[in-house]
Amino acid sequence: MDALLQQLFNGLVSGSFYALLALGLSVIFGMLGVVNFAHGAFYMLGAFGALVLLDSFGLNWWLALLLVPIGLGLAGMVVERLFVHRLVALDPLYNFLLTFGIALILQDLIRLKYGVASQPYDRPDVLGGSVNLGLFSYPKYQVFVLIFSIVISVLVWLVLNRTRVGMIVRASTERAELTKSFGIDVRRWITPVFGFGIALAGLAGVLAAPMRAVNSGMGGDLIIVIFAVVVIGGLGSVFGSVAAGYIVGMLSAVGNLYVPALSQSLVFILMALVLLLRPAGLFGREEGVLA
Amino acid sequence: MSRCVTILASSPPTWESPLLNVADITARYGEAQVLQGVSLEVAKGQVVTLVGRNGAGKTTLLRSVMGLHRSMTGRVELDGTNISRMAPHKRCRLGLGYVPDDRGVYASLSVEENLTLPPKVGPDAWPLEKVYEAFPVLAERRRQAGTHLSGGEQQMLSIARVLRMGARMLLADEPTEGLSPLLVRQIGEIIRTVKAHGVTVLLIEQNVHFASTVADRHYLMAQGRVVESLDNSEVEQREHELLEYLGI
Ligand SMILES: Nc1ncnc2c1ncn2[C@@H]1O[C@H](COP(=O)(O)OP(=O)(O)OP(=O)(O)O)[C@@H](O)[C@H]1O
Ligand SMILES: [Mg+2]
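Caption draft 1: Expanded view of the overall build of chain A. Each helix and strand in chain A was counted, giving eleven helices and two strands. Each helix and strand of chain A, ordered N terminal to C terminal, gives the series α-α-α-α-β-β-α-α-α-α-α-α-α. Since a compact globule built from 291 residues should have a radius of gyration of about 19 Å, the 19 Å found for chain A is in line with a globular shape. On the principal axes, the C-alpha backbone points of chain A span a range of 55 × 45 × 35 Å. Scored against the burial criterion, the 291 residues of chain A give a buried share of 51%. Of the contacts formed within chain A by residues at least 6 apart in sequence, a portion of 77% connects residues at least 24 apart. When the accessible area of chain A is evaluated, it comes to approximately 13,000 Å², of which 70% is carbon and sulfur surface. In chain A, which carries 16 positive and 13 negative side-chain charges, the distance between the mean positions of the two groups comes to 7 Å.

Structure representation (structure tokens):
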């Protein structure tokens, strides 16, 4: 029993990363209609950003948690302005070529400097040690990651559902052309939304640095699962992406306990089932964001 | 070819400067040219309808005026300003209120959000309370998703939205389509009220009888052209002929 609970908790912590990454991917897809295959690379850059800030500038993890998402968000906006916005008029194949190409370039640039070995990054002191959760004790840092990711997800949900900016993003996501005819300059919002999605990936990367292997391949391994998460949650559904993130995290963790051989494929089996039974995803459009 | 395709030389009344002036508009979908040089005017404060068979190009014309049709050529003026090259959101901010043929109600926005999405663009923007007074059903369901409304209610929402923003010119694409006679009458009321407030309306309408009860003038469109301009008495006299022509 304890083992199961502990494994569920592990799943929630992995799910935190899935949720943050799927959230950004989903918002970007909704607003731009672009599937960002470079999302994992920006997650990886987030972790290396924390590393560089510490090694070269002596800035601690807490500062990295603030600065890296801002920096990557701005970089994302530049990438959108320079390249991604050209995709709108093109065949979806170019979407894949461009964003996957960006991912490979970023990955190889990091490999050039750091090789393929994982880089060590220490947990921040205050978050060292473990907390007693009653039935078992658990690393304090992991508990923090879980709470932090939930807080961020809730904040994003609130911004999308309770503010005027969020309303504009929802409207533009649903029907961009029509939204223009209601006096909204949709184009103006596209770049910041892309930057915001990238910032979330960077944030996840910073969170990962002290507990995951920091290497150039860390994003590529994750991104496939994230795509499955977004599909399970429902393309473009923010709530769905987050919920599916935690669900998939727990599913793989529990699977790992009972059917270790299958644990890697469980998420894809779930995706296939969802696509068969509810093609719009668990929380796709029919229910609406309001539900 | 049908029989009433004689192009009348008589131009619409021009004693007042038109609020909307459309000159020689063409538009195509891919290779197919669907507007062949449309010209029309709507004077300030007038209600003008656009009638014509399915596929005549009415919707395409309205989309072109709104700036939603990229292949458009020709000239569109609003109150003397050339808006032909302007982005749709700027046209909206100049006071064009679009009621699209599919109602344009957002599923991911609540009824109230659907109403408040467009910014206020004119001094006569209706406050929400006034909207809810005129459309009590929208008040009752303000928190529900827009698409949870019935077809008729969505149509009300679509019209209420452009009143809320304070548009000075409405471009309404078949707002009565598929509505019960009761709701059609209600929409007629709304159009008359709006007109009394000085709002100008260009209305696509298949129901010529209804059209003659709300409008000052009518343009008949066929195959991408305006083929006639009629006043109410002409519409009444020729109602049967027009109905037959429209295939209703
Ligand atoms: N998206 C499109 N792609 C290709 N052709 C189109 C498209 N939309 C409309 N058309 C064609 O353009 C012509 C004009 O269409 P439009 O919708 O403007 O007509 P309409 O007068 O509004 O008709 P209705 O009364 O059915 O609404 C039609 O022949 C139609 O088939
Ligand atoms: Mg039409």
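Now, onward.
Caption draft 2: Geometry of the interface of chain B and chain A. Each side of the interface is counted separately: chain B has 26 residues, and chain A has 20 residues. Summed over both partners, the interface of chain B with chain A buries about 2,000 Å², with 59% contributed by carbon and sulfur atoms. On the chain B side of the contact with chain A, Y106(B), S108(B) and L117(B) bury the most area, a combined 30% of that side's loss. Summed over the shared surface of chain B and chain A, the result is three salt bridges. When the shortest N-O distance is used, the salt bridge between E177(A) and R70(B) registers 3.4 Å. Inspection of the region where chain B meets chain A yields eleven residue pairs in polar contact (both at pLDDT 80 or more). Of all the secondary structure elements, the ones that give two or more residues to the side of chain B that touches chain A are α2 (88-93) and α3 (111-116) of chain B. With four residues, α2(B) is the largest single contributor of residues to the side of chain B that touches chain A. Of the residues assigned to the side of chain B that touches chain A, the class counts are 14 nonpolar, six polar and six charged.

Caption draft 3: Summary view of the sheet that holds strand β3 (residues 47-52) of chain B. All names here are of chain B. The strand order across the open sheet built from six strands is β6-β7-β8-β3-β9-β10, with neighbouring strands paired in mixed fashion. Because the sheet does not close on itself, it has two edges, and the strands there are β6 (96-99) and β10 (225-231). For this sheet, the mean inter-axis angle between neighbouring strands, taken without regard to orientation, is 20°. Note: β3 against strand β8 (residues 200-204), four bridges, orientation parallel. Looking at β8, one finds that V47 is bridged to V201. In the packing of helix α1 (residues 58-66) onto the sheet, contacts are made with β3, β6, β7 (169-173), β8 and β9 (217-222), and the angle to β7 comes to roughly 150°. Packing against the sheet, helix α10 (residues 239-246) makes contact with β3, β9 and β10, and its axis sits at approximately 35° to β9.

Caption draft 4: Looking closely at the sheet that holds strand β4 (residues 73-78) of chain B. All names here are of chain B. Taken together, the four strands give an open sheet; going across it, the order is β2-β1-β4-β5, and neighbouring strands pair in antiparallel fashion. For this open sheet the edge positions go to β2 (32-43) and β5 (81-82), each flanked by a neighbour on one side alone. Note: strand β1 (residues 18-29) against β2, nine bridges, orientation antiparallel. Following the sheet pairing, I25 is matched in β2 by V38. Sheet contacts for α1: β1, β2 and β4; angle to β1, the most-contacted strand, approximately 115°.

Caption draft 5: Focus on the site of ligand 1. All names here are of chain B. As a matter of local geometry, ligand 1 sits amid Y29, V34, R53, N54, G55, A56, G57, K58, T59, T60, E174 and Q206. Side-chain polar atom of K58 to an oxygen atom of ligand 1: 2.8 Å apart, as the coordinates give it. Residue T60 places a side-chain N or O atom 2.4 Å away from an oxygen atom belonging to ligand 1. Here ligand 1 has 640 Å² of accessible area as a free molecule, and 57% of this is covered by the chains. Among the elements that line the shell around ligand 1, the one with the most residues is α1, at three residues. Looking at the shell around ligand 1 residue by residue, the classes come out as three nonpolar, six polar and three charged.

Caption draft 6: Looking closely at the pairing of β4(B). Residues and elements named next belong to chain B. Looking at chain direction, β1 and β4 are connected through five bridges and run antiparallel. Note on β4: the bridge partner recorded for T26 is T73. Examined bridge by bridge, β4 and β5 share two bridges and lie antiparallel to one another. By the bridge assignment for β5, L78 is matched with T81. Linkage of β4 to β5, two consecutive antiparallel strands, is achieved through a turn of two residues, within which D79 is found at a positive phi near 50°.

Thresholds applied
- Residues numbered from 1 in each chain as written.
- Chains lettered and ligands numbered in written order.
- Predicted model: local features only at pLDDT ≥ 70, side-chain atom pairs only at ≥ 80, totals over all residues.
- Heavy atoms only, no water.
- Helix = DSSP H or I, 4+ residues; strand = E, 2+ residues; numbered from the N terminus.
- Rg over C-alpha atoms; globule rule 2.2 N^0.38 Å.
- Buried < 20%, exposed > 50% of the residue type's maximum accessible area, 1.4 Å probe, protein only.
- Contact = heavy atoms within 4.5 Å.
- Areas by Shrake-Rupley, 256 points an atom, 1.4 Å probe, with all protein chains shown as cover.
- Lys, Arg positive; Asp, Glu negative; His and termini not counted.
- Charge placed at Lys NZ, Arg CZ, Asp CG, Glu CD.
- Buried area = accessible area lost by both parts, 1.4 Å probe.
- Salt bridge = Lys/Arg side-chain N within 4 Å of Asp/Glu carboxyl O.
- Polar contact = N/O pair within 3.5 Å; in protein donor to acceptor, adjacent residues only side chain to side chain.
- Nonpolar A, V, L, I, M, F, W, Y, C, P; charged D, E, K, R; others polar.
- Pairing = 2+ DSSP bridges.
- Axes fitted to C-alpha atoms, helices over the stretch in contact; angles between N-to-C directions.
- Near = heavy atom within 4 Å.

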